[in-house]
Amino acid sequence: MIIELRNLSKSFKDVVAVDDVSLGVERGEFLTMLGPSGCGKTTTLRMVGGFEHPDRGSIILDGEDITDKPPYERPLNVMFQDFALFPHMTVSANIGYGLRFGKSRTRNADKVVRDALAMIHLEDKANQKPHQLSIGQRQRVALARALVRQPKVLLLDEPLSALDAKLRDSMQIELKHLQRETGLTFVMVTHDQSEAMVMSDRIIVMKAGRIVQIGTPDDLYDKPINPYVADFFGASNLVVGTVDEPEAEFDVIRYGEARFQVNRNGVQHRPGNQVTIAIRPERIRVLTANMPPIAGHQNEFNGTVTEQLFHGNAAHLVVDVGGDKPITIHQLLHSAGSRRELPEAGSNITMVLESTAIVVFPDDSTKTLP
Amino acid sequence: MNRKQRSLLNFFAVFSAPALWWGFIVFGSLLVMCAMSFWRREFPIHVVDFQFGNYVEIFTNTQYIAVLARTVKVALMVCVFAFLVGFPLAYCISFKVKSNRLRMVLYMATLIPVWVSYILRAYSWKTILGTEGVLNSFLQWLGLIEEPLAIFLFNQYAMVLTIGYLCLPLMMLPIYATLDKIPKNLIEASKDLGAGSLSTFFYITLPLCIPGIIGGFTLAFCLAVGDFVSPILVGGPSSNMIANVLLTQFGMALNWPLGAAITVVMLIVFVFLLSLSNKAEQHGQLNIG
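Here the structure is a predicted model, which means the values were calculated and not measured.

*Asks:* Run through the interface of chain A and chain B, naming residues and quoting values.
*Replies:* Opposite the 23 residues of chain A that make contact, chain B presents 22 residues. Where chain A abuts chain B, roughly 2,000 Å² becomes buried across the two surfaces, and 63% of that area is made up of carbon and sulfur atoms. It is Y72, P87 and H88 of chain A that lose the most area in chain A upon contact with chain B, and together they represent 29% of the buried surface on that side. Linking chain A with chain B are one salt bridge. A salt bridge links E188 of chain B to R46 of chain A; the nearest nitrogen and oxygen atoms lie 2.7 Å apart. For the pair chain A and chain B, the number of links is eight residue pairs in polar contact (both at pLDDT 80 or more). Among the elements of the structure, strand 6 (76-79) and helix 4 (135-147) of chain A are those that each provide at least two residues to the side of chain A that touches chain B. Broken down by element, the residue count for the side of chain A that touches chain B peaks at three residues, all from strand 6 of chain A. For the side of chain A that touches chain B, the per-class residue count stands at 13 nonpolar, four polar and six charged.

Here it is as structure tokens:
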């Protein structure tokens, strides 16, 4: 473990920003702290960087307690949200800045800077000032500036939020490749769930200063531990159903006209209780006559299409199954015009849904509905 | 008439009147002053003429050059003094005071003296530095001196102190405004990259503050060169500044043409100095963010 946070807490006046957070970061992993603004992710990052001092708890970096060390004595570097390039210095002076001090002081700083400029393909901009660069170029300079010090960990504070959508997609891949190639530990903070899923090895979901769930992107998407996480990652049908008598090896949840057999996950559900369930819209399939048979245990249920929404690559069907809320289905459109084959508003359809695709939260989870 | 011409016409239609008015006020008085500098003094007051006698007088009589040189010297000393006091103050308010409210209070505290009459503020230094003054009483109370000392007042240093105090807000405000604009994450980035507090100050904070420092120097300099109150109140016998000379020429001596000529020379010298600072400021101009 390269970083270990032990019971970190931090308050600003009366507001608790980080509340007893403990976690470990593995060497060489890409870890992301994810959550809405005010969830404590940035404060946690700033405490690791040394810009805030925790009220309680400690920070261990590579076996060394760095809780009380100032930022300039910590062997890690930060890529700041708006890059924080020094406006009065040239690109190469910015990159070389960190090589003037402490252990990173080197005789061949010029060469290191030249190599770094080559790495980010900005050799020709060496003598320009940051404001003469495009946003994407500035970001690469900020990255190079942080990396030339060969930190043990790179902290990234919303690194892509200043970029436009297209550039962000390509930078996501670039950053991920860079992390893989260098084997460096990256700890990123973001509020963008898709960014987190694409880039991270593990994600920490935070809310109100606490960790809600830690896991791989797949875990968080397929096995969210509560409706908050399910809602945060992608789209989800979050509905409140009623527990029925169990059948064979399944628990049974009723929602409107639909009855779902769901896999037991160790949680006891008492018949008659209200529970929240999450169903991913793309996991529901509309049953058609010529559909090939599907493996696995399937739930079949009926409903009425109330609306069909065209999204270009997919169509969304809003289906009333007799519950409080309609259920949304996402259907990818594999060929042009295939939308016309989908059922129109007003038609009655039969849908199938694998029992493993339904996440049932514990009985009291209705209180934590987002 | 195309659109460009029309918009140009509209522009002139709107702005010609204020521009004329402004030009009349600003340049009209200067032109009168300039013209008068070529006039001749003659009983009872002066006559219109075109001759260079006044300028010859200025450059041959070393008294005027000496006063002009002293004025520039005192003004520069004032600037340095105000900077040495004002910069740390502005820095502390901007960087070290965490509470927004306290920062506002301190900021206002630097401004409040400006509301008090200029002469009164200059005069207050007389009560501080004089033989019966606060400083002497304090030193006597400490037992450091037996008799009140006269060395504090009526010399050039008392003048620099007094004018420096008067200029302090003008020095501080542009510096404070610039310091306050420096994004705090630049300071954090510098520390993150291994620079300690001192290195961060000299490599990041100070360079980024240069436009504010130049602004402060310019404002303080402008106020200091025109001061004629402090030389009278705390300055002592040989501390006349150029403004005092002008006062004499236009007042008691009734030599308006010579006064006008001195003004023109002064104007040329100061415009030159200010254009230097303006150049420096443009050079130091930065795109932050």
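*Asks:* Let's hear about the side chain of T43 of chain A: which residues, and what values?
*Replies:* Assignment of secondary structure puts T43 of chain A in helix 1 (residues 41-49). Discounting chain neighbours no more than four positions away, the residues touching T43 of chain A are K10, F12, A17 and V18 of chain A.

*Asks:* Explain the packing of helix 5 (residues 118-129) of chain B against helix 7 (residues 156-181) of chain B to me, and be specific about the residues and the numbers.
*Replies:* Residue and element names in this part refer to chain B. Viewed as axis vectors pointing N to C, helix 5 and helix 7 meet at an angle of 140 degrees, and their least axial separation amounts to 10 Å. With respect to their mutual orientation, helix 5 and helix 7 come out oblique. As helix 5 packs across helix 7, the resulting crossing turns out to be right-handed. Within the contact between the two elements, helix 5 uses Y118, R121, A122, W125 and L129 and helix 7 uses A158, L161, T162, Y165 and L166. By residue class, the composition of the contact of helix 5 with helix 7 is eight nonpolar, one polar and one charged.

*Asks:* With reference to specific residues and values, describe the packing of aromatic side chains.
*Replies:* Residues and elements named next belong to chain B. In this structure the tally under the stated criterion is 29 aromatic pairs over all chains. Seen from their ring centres, F87 and F201 are 5.9 Å apart, and the 70 degrees between their planes marks the pair as edge-to-face. Linking F87 in helix 3 (residues 62-96) with F201 in helix 9 (residues 197-225), this pair joins segments that are 114 residues apart in sequence. With relative accessibility at 7%, the residue F87 sits in the buried group. On the basis of an interplanar angle of 90 degrees and a centroid distance of 5.3 Å, the ring pair of Y91 and F201 is categorised as edge-to-face. Separated by 110 residues along the polypeptide, Y91 in helix 3 and F201 in helix 9 bring together distant segments of the chain. Accessibility assignment for this pair places Y91 and F201 in one class, buried. One aromatic cluster is present, built from ring pairs that chain together F83, F87, Y91, F95, F201, F202 and F217. Between the NZ or CZ atom of K184 and the centre of the ring of F95, over which it lies, the distance is 4.6 Å.

What counts as what
- Every chain begins its residue count from 1, and numbering advances along the sequence as written.
- Ligands are numbered from 1 and chains lettered from A, in the order in which they are written.
- This being a predicted model, a pLDDT of at least 70 is required before a residue's local features are given, and a value of 80 or more before pairs of side-chain atoms are given or counted; all residues contribute to the totals for chains, interfaces and linings.
- Here the side-chain values reflect all heavy atoms present in the structure, with hydrogen atoms and water set aside.
- A contact between two residues is defined here by any heavy atoms of the two lying within 4.5 Å.
- Here the quantity called buried area is the accessible surface, traced with a 1.4 Å probe, that two parts lose on coming together, added over both.
- One side-chain nitrogen of Lys or Arg within 4 Å of one carboxyl oxygen of Asp or Glu is enough to make a salt bridge.
- Any N or O atom pair separated by 3.5 Å or less is treated as a polar contact, with the protein-specific requirement of one donor-capable and one acceptor-capable atom, and with residues adjacent in sequence counted only for side-chain atom pairs.
- What counts as a helix is a DSSP run of H or I of at least four residues, what counts as a strand is a run of E of at least two, and both are numbered from the N terminus.
- When residues are grouped by polarity, Ala, Val, Leu, Ile, Met, Phe, Trp, Tyr, Cys and Pro land in nonpolar, Asp, Glu, Lys and Arg in charged, and all others, Gly among them, in polar.
- For helices, the fitted axis covers only the stretch in contact; all axes are lines through C-alpha atoms, and the angles between them, taken along N-to-C directions, range from 0 to 180 degrees.
- Convention used here: angles under 35 degrees read as roughly parallel, angles over 145 as roughly antiparallel, angles from 65 to 115 as roughly perpendicular, and any remaining angle as oblique.
- Two helices cross in a left-handed way if the nearer one is turned anticlockwise from the farther one by less than a right angle. They cross in a right-handed way if the turn is clockwise.
- Centre distance within 6.5 Å is the pairing criterion for rings of Phe, Tyr and Trp, where only the six-membered ring of Trp is used; planes under 30 degrees apart are then read as stacked, over 60 as edge-to-face, and the remainder as tilted.
- We call a residue buried when its accessible area falls under 20% of the maximum for its residue type, exposed when it is over 50%, and partly exposed in between, using a 1.4 Å probe and counting protein chains only.
- In our convention, an over-ring charge means Lys NZ or Arg CZ found within 6 Å of a ring centre and within 35 degrees of that ring's normal.

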